Amino acid sequence: MSKVAIVFWSGTGNTQSMAEAVKAGAESSGASVDMFSPSEFNSSMVSGYDAIAFGCPAMGAEVLEETEFDPMFSSVEGSLSGKKVVLFGSYGWGDGQWMRDWEDRCKSGSINLVTDSVIANNAPSDDDLENCTALGRAIA
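A quick note: this is a predicted structure, and the numbers were derived from the prediction, not measured.

### Let's talk about the nonpolar core
Logical step 1: Ranked by size, the top nonpolar core spans 25 residues in total, and within it F41, I52, F54, F69, F73, L80 and W102 carry the most contacts.
Logical step 2: Put simply, the parts of the chain that give this core at least two residues each are strand 1 (3-8), strand 3 (51-55), helix 2 (69-76), strand 4 (84-91) and helix 3 (97-108).
Logical step 3: If sequence neighbours within four positions are ignored, F73 has contacts with F54, L80, W102, R105, C106 and I111.
Logical step 4: By size, the runner-up hydrophobic cluster in this structure holds 19 residues, among which are V4, A53, V118 and C132.

### Notes on the pattern of salt bridges
Pairs can form between side chains of opposite charge whenever their charged atoms are close.
Logical step 1: What the rule picks out here adds up to five salt bridges.
Logical step 2: Residue K23 pairs with E27 through a salt bridge whose shortest N-O separation is 3.6 Å. Of this pair, K23 and E27 both sit in helix 1 (residues 14-28), four residues apart, roughly one helical turn.
Logical step 3: By relative accessible area, which is 26% here, K23 ends up partly exposed.
Logical step 4: Its salt-bridge partner being D70, residue R105 comes within 2.7 Å of it at the nearest N-O pair. Note that R105 is positioned in helix 3 and D70 in helix 2, a separation of 35 residues in sequence.
Logical step 5: According to the relative accessible area criterion, D70 is partly exposed, its value standing at 24%.
Logical step 6: Through salt bridges with shared partners, a single ionic network connects D70, E77 and R105.

### A few points about the environment of W98
Logical step 1: Mapped onto the secondary structure, W98 falls in helix 3.
Logical step 2: Of the residues examined, W98 reaches a relative accessible area of 2% and is grouped as buried.
Logical step 3: With near-sequence residues (within four places) excluded, W98 lies in contact with C56, P57, A58, E62, V63, L64, G89, S90, Y91 and I119.

### What about the environment of E40?
Logical step 1: Mapped onto the elements, E40 comes out in the loop between strand 2 (32-36) and strand 3.
Logical step 2: As a C-alpha pair, E40 and V7 span 33 residues in sequence and 8.6 Å in three-dimensional space.
Logical step 3: Among residues more than four places away in sequence, those in contact with E40 are M35 and M45.
Logical step 4: A polar atom in the side chain of E40 sits 2.8 Å from the backbone nitrogen of S37.

### Overview of helix 1
Logical step 1: Look at helix 1: 22 Å from first C-alpha to last across 15 residues, which is about the 21 Å you get at 1.5 Å a residue.
Logical step 2: All of the buried residues in helix 1 are N14, T15, M18, A19, A21, V22, G25 and A26. Each buried residue of helix 1 lies within a common arc of 160° when the element is viewed along its axis, so the set occupies one face.
Logical step 3: In this structure, the buried side of helix 1 is in contact with strand 1, strand 2, strand 3, strand 4, strand 6 (118-121) and helix 4 (126-139).

### A few points about the packing of aromatic side chains
Logical step 1: Counted according to the given criterion, the structure contains nine aromatic pairs.
Logical step 2: Geometrically, the ring pair formed by F41 and Y49 is tilted, given 6.4 Å between the ring centres and 50° between the ring planes. Side by side, F41 and Y49 carry an identical accessibility label, which is buried.
Logical step 3: Between F73 and W102 the ring centres are 5.6 Å apart and the planes differ by 85°, which places this aromatic pair in the edge-to-face class. Taken together, the residues F73 in helix 2 and W102 in helix 3 connect sequence positions 29 residues apart.
Logical step 4: A relative accessible area of 0% places F73 in the buried class.
Logical step 5: Three or more aromatic residues joined by ring pairs make a cluster, and in this case those are F54, F69, F73 and W102.

Criteria and thresholds
- Residues numbered from 1 in each chain as written.
- Predicted model: local features only at pLDDT ≥ 70, side-chain atom pairs only at ≥ 80, totals over all residues.
- Heavy atoms only, no water.
- Core = buried A, V, L, I, M, F, W, Y, C linked by side-chain atoms within 4.5 Å.
- Buried < 20%, exposed > 50% of the residue type's maximum accessible area, 1.4 Å probe, protein only.
- Helix = DSSP H or I, 4+ residues; strand = E, 2+ residues; numbered from the N terminus.
- Contact = heavy atoms within 4.5 Å.
- Salt bridge = Lys/Arg side-chain N within 4 Å of Asp/Glu carboxyl O.
- Polar contact = N/O pair within 3.5 Å; in protein donor to acceptor, adjacent residues only side chain to side chain.
- Expected span 1.5 Å × (residues − 1).
- Arc of directions from axis to C-beta.
- Phe/Tyr/Trp six-rings, centres within 6.5 Å; stacked < 30°, edge-to-face > 60°.

Right under this line is the structure:
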């Protein structure tokens, strides 16, 4: 049985809904899943998981949430080598540039993104939630 961490920040509940769908997908494939806020997760915890799903909405000028999420991600990204990783999040403006930038950051850091990221414009649609469930299955 694989062990999966889902680490997410949500201001409106949209990214939280996506995180719950990722959890359902991973659990449906037999994984043990723990969910964390960015303030609850740190680099010393990475080794305890086979896979990690990170979720963060676009903030400001299409960037990761700057107070909690980005500092946490910066502190763990060097520890993610060899882990299965997926990204997800929601946005309310722009075109998803924050996710492209985040994916590029991961790829340049040799982080193994195992499948395409999922983004939702505002509240996730049924299709978005199904795609998040598929993310969970991909890392289980």
